[in-house]
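# Architecture at a glance
So you can see what is in the structure, the chains are spelled out below.
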Amino acid sequence: MDHRRAVVVGAGIGGLTAAVALHQQGWDVTVLERAAALTPVGAGIGLAPNSQRALDVIGLGDRVRELAAWQGDGGMRAPDGRWLARTSAKAATARFGGPLVLLHRATLVDLLISALPAGVVRTGLTASLADPGDDRRPAVVTTPDGEIEAALVLGADGIHSTVRRALFPHHPGPRYSGFTTWRVVVPAPDRPFAAHETWGAGRLWGTQPLKDGRIYAYAMAAAPAGAHAPDDEKAELLRLFGDWHHPVPDILAATDPAGVLRHDVHHMPEPLPAFHRGRVALLGDAAHAMQPTLGQGGNQAIEDAVVLAHHAGREPLPSRALAAYTADRLPRTTAIVRKAARVGRLTLLSARPAVALRDGLIAAVSRFGPGLVLRGFDGIADWRPPTAAERPRVS
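Structure report, in brief. On a predicted model such as this, the values are computed, not experimentally measured, just so you know.

What follows concerns the overall build of the protein chain. In terms of regular secondary structure, the protein chain is built from 13 helices and 18 strands. Along the first, second and third principal axes, the C-alpha atoms of the protein chain reach 65 × 45 × 40 Å. Burial statistics for the protein chain: of 395 residues in total, 53% are counted as buried. For the protein chain, the proportion of contacts with a sequence separation of at least 24, taken over those separated by at least 6, is 74%. Side-chain charges in the protein chain split into 43 positive and 37 negative, and the spacing between the mean points of these groups amounts to 6 Å.

In structure tokens, the structure reads:
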């Protein structure tokens, strides 16, 4: 067995970050991705100071900041345009050491791939876990091209992870949250606007700028699982949000129906007993899928990757390294999954009196300044990764 061979199942943000971190520690890494190609799908991703610091560990934090656009100025609004709360990059930096930044997911994926040697990422390969291994024998991953033995296997294969089901077959897995999401990327409207997230009754809309001048917009609404618009999703967005404040109508007018992404939101309210078994560890949505209400799904996957690589470099035995990874990550991510669910319930209140009370409380708190609004991210955005001085040098 090659004691420095790692296999990552899934070429999403968490899996690629882990691949980069392990490669920089001297691991021979292979990333297996079932998609035929890493095409530029998806939309925007907000990176909070916690994940930016994790990316600093692998030398990509400054590049992300250079490629990002929005720096946290904006706030929360009501559908009629009233401002409920304001946020600012200056206040976020004072509180957390940096602002929230936004970039396209494809930009981040390209940046991570550029930090890996050619041939590390292998597309069009469906992988399954045949044996998790232990301290005496390797883990085994099966692909259409044959079996791969590895000293370490990372399950970064998303919310419907086959690796997770192999490790924990009796866990109930993800559940539908009660709401669905839409995402679009469109040209910027002629009239200027401030970045915002708007909360209505059982509905939410957000509009943020990207570095290239385009606009990333996202929406959420309560809906039955598996529902779809009878005509097209642009028409559904017009029905739900067409009479909301500027720039929402302009964004919808510029939207190509074929470019609207719609996905039901699933999460894992019941935590796993551990994030590892044998020589296999889970990260990102495979380990702790959460609602997007805190914008932390991708951020936590990046944290996972850097912490896992840290322990894999420090401990000679996989059982000790991955137990330390679980001990670090399971309590933190469980708390964030639960907090995201609480915010989701608050966001999508639909009864008129409850919505009025919610908006009034947000507006009242915001009068004391953006610091009180940002307090909800205490313990999340202020996280710091293991320091470089704590990681042993690979000979």
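Here we take up the packing of helix 1 (residues 13–24) against helix 10 (residues 297–314). One way to put it is that helix 1 packs onto helix 10 with a least axis distance of 8 Å and a crossing angle of 30°. When the axes of helix 1 and helix 10 are compared, the pair comes out roughly parallel. The chirality of how helix 1 crosses helix 10 is right-handed. Across the interface between the two elements, I13, G14, T17, A18, A21 and L22 from helix 1 touch A301, I302, A305, V306, A309 and A312 from helix 10. Its residues placed into classes, the contact of helix 1 with helix 10 shows 10 nonpolar, 2 polar and no charged.

In this structure, the second largest pocket spans a volume of roughly 260 Å³. Lining the second largest pocket are 16 residues, and of these H3, W27, E315, P316 and P318 sit closest to its centre. Mapped onto the lining of the second largest pocket, the elements with two or more residues apiece are helix 10 and helix 11 (318–347). A per-class count over the lining of the second largest pocket returns 9 nonpolar, 2 polar and 5 charged.

Attention shifts here to the environment of L22. Along the chain, the position of L22 falls in helix 1. Linking L22 and A6, residues 16 residues apart in sequence, is a C-alpha distance of 8.0 Å. Those residues in contact with L22 that lie beyond four places of it in its chain are A6, W27, V29, L152, L154, A309 and A312.

Conventions we followed
Residues numbered from 1 in each chain as written. Predicted model: local features only at pLDDT ≥ 70, side-chain atom pairs only at ≥ 80, totals over all residues. Heavy atoms only, no water. Helix = DSSP H or I, 4+ residues; strand = E, 2+ residues; numbered from the N terminus. Buried < 20%, exposed > 50% of the residue type's maximum accessible area, 1.4 Å probe, protein only. Contact = heavy atoms within 4.5 Å. Lys, Arg positive; Asp, Glu negative; His and termini not counted. Charge placed at Lys NZ, Arg CZ, Asp CG, Glu CD. Axes fitted to C-alpha atoms, helices over the stretch in contact; angles between N-to-C directions. Parallel < 35°, antiparallel > 145°, perpendicular 65-115°, else oblique. Left-handed = near helix turned anticlockwise from the far one by under 90°. Nonpolar A, V, L, I, M, F, W, Y, C, P; charged D, E, K, R; others polar. 1 Å grid on protein atoms, 1.4 Å probe; cavity = no way out; pocket = protein on both sides within 12 Å on 5 of 7 lines; lining within 4 Å. Points joined across faces, edges and corners; volume = space filled by probe spheres on them.

Limitation: the analysis is restricted to geometry and does not speak to function.
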